[in-house]
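A closer look at the structure
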Amino acid sequence: MKQTGPTASVAAPKRLRRLKWNELVRAGDFVEDGRKGFEPLDGPTGFRADAFIKVIYRKLA
């Protein structure tokens, strides 16, 4: 049976980009909020993006 519903991943808006695995997370980065939106990162910084369970996004320069 084919499922039709929300997908597991959220498409990032054009103003955000997904961090690469080796980039350091910093203040001002964003995470998916579970409602197909984004919220500011509320957690530790200075760690590589692949150390987090959630995908981290950053504003485009």
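For the structure itself, look to the data block above.
Here's a quick rundown of the structure. Within every chain, residues take consecutive numbers counted from 1 along the sequence as written. Selection of residues for local features in this predicted model requires a pLDDT of at least 70, selection of side-chain atom pairs for listing and counting requires 80 or more, and totals for whole chains, interfaces and linings are taken over all residues. Values reported for side chains reflect all heavy atoms of the structure, with hydrogen atoms and water molecules removed beforehand.

In this section: the overall build of the chain. Each helix is a run of DSSP H or I of at least 4 residues and each strand a run of E of at least 2, with the numbering of both proceeding from the N terminus. Regarding its fold elements, the chain presents zero helices and four strands. Ordered by position from N to C terminus, the α and β elements of the chain give β-β-β-β. The classification of residues rests on relative accessible area computed with a 1.4 Å probe and restricted to protein chains. Under 20% of the type maximum is buried, over 50% is exposed, and intermediate values are partly exposed. A burial count over the chain gives 26% of its 61 residues as buried. In this description, contact between two residues means that some pair of their heavy atoms is separated by no more than 4.5 Å. Sequence separation of 24 or more characterises 59% of the internal contacts of the chain that already satisfy a separation of 6 or more.

Another aspect to go through is the side chain of Arg58. Relative to the elements of secondary structure, Arg58 occurs in strand E4 (residues 56-59). Overall, the relative accessible area of 8% leaves Arg58 in the buried class. At 2.8 Å, the side chain of Arg58 forms a polar contact with the backbone oxygen of Leu24. A polar side-chain atom of Arg58 sits 2.8 Å from a polar atom in the side chain of Asp29. Definition of a polar contact: a pair of N or O atoms within 3.5 Å, with one able to donate and the other able to accept a hydrogen when the atoms are protein atoms, and with sequence-neighbouring residues admitted only if both atoms are side-chain atoms.

All right, on to the nonpolar core then. In terms of nonpolar packing, the biggest core is built from five residues, these being Leu19, Val25, Val31, Ala49 and Ile56. Discounting residues that sit within four places of it in the chain, Ile56 has contacts with Arg17, Arg18, Leu19, Val25, Asp29, Phe30, Val31 and Leu41. In this text, buried Ala, Val, Leu, Ile, Met, Phe, Trp, Tyr and Cys residues form a nonpolar core when linked through side-chain atoms within 4.5 Å.

Turning our attention to the sheet that holds strand E3 (residues 38-40). Reading across the sheet, the four strands line up as E1-E4-E2-E3 and stay open at both edges, with antiparallel pairing between neighbours. If you trace the sheet from one side to the other, it starts and ends with strand E1 (16-18) and E3, each paired once. Neighbour-to-neighbour, the strand axes of this sheet turn through a mean angle of 40°, independent of strand direction. Two strands make a pair as long as DSSP finds a minimum of two bridges between them. Where strand E2 (residues 30-32) and E4 come together, two bridges link them in antiparallel fashion. Along E4, the bridge assignment pairs Phe30 with Tyr57. Between N-to-C directions, angles span 0 to 180 degrees; the directions come from axes that are lines fitted to C-alpha atoms, helices contributing only their stretch in contact.

Salt bridges are defined by distance alone: a side-chain nitrogen of Lys or Arg within 4 Å of a carboxyl oxygen of Asp or Glu. Tallying each qualifying case throughout the model produces five salt bridges. The partner of Asp29 in a salt bridge is Arg58, and the shortest N-O contact between them spans 2.8 Å. Of this pair, Asp29 sits in the loop between E1 and E2 while Arg58 sits in strand E4; the two residues are 29 residues apart in sequence, bridging distant segments of the chain. Its relative accessible area of 0% is what places Asp29 among the buried residues. Each of the salt bridges in this network shares a partner with another, and the network as a whole consists of Arg17, Glu23, Asp29 and Arg58.

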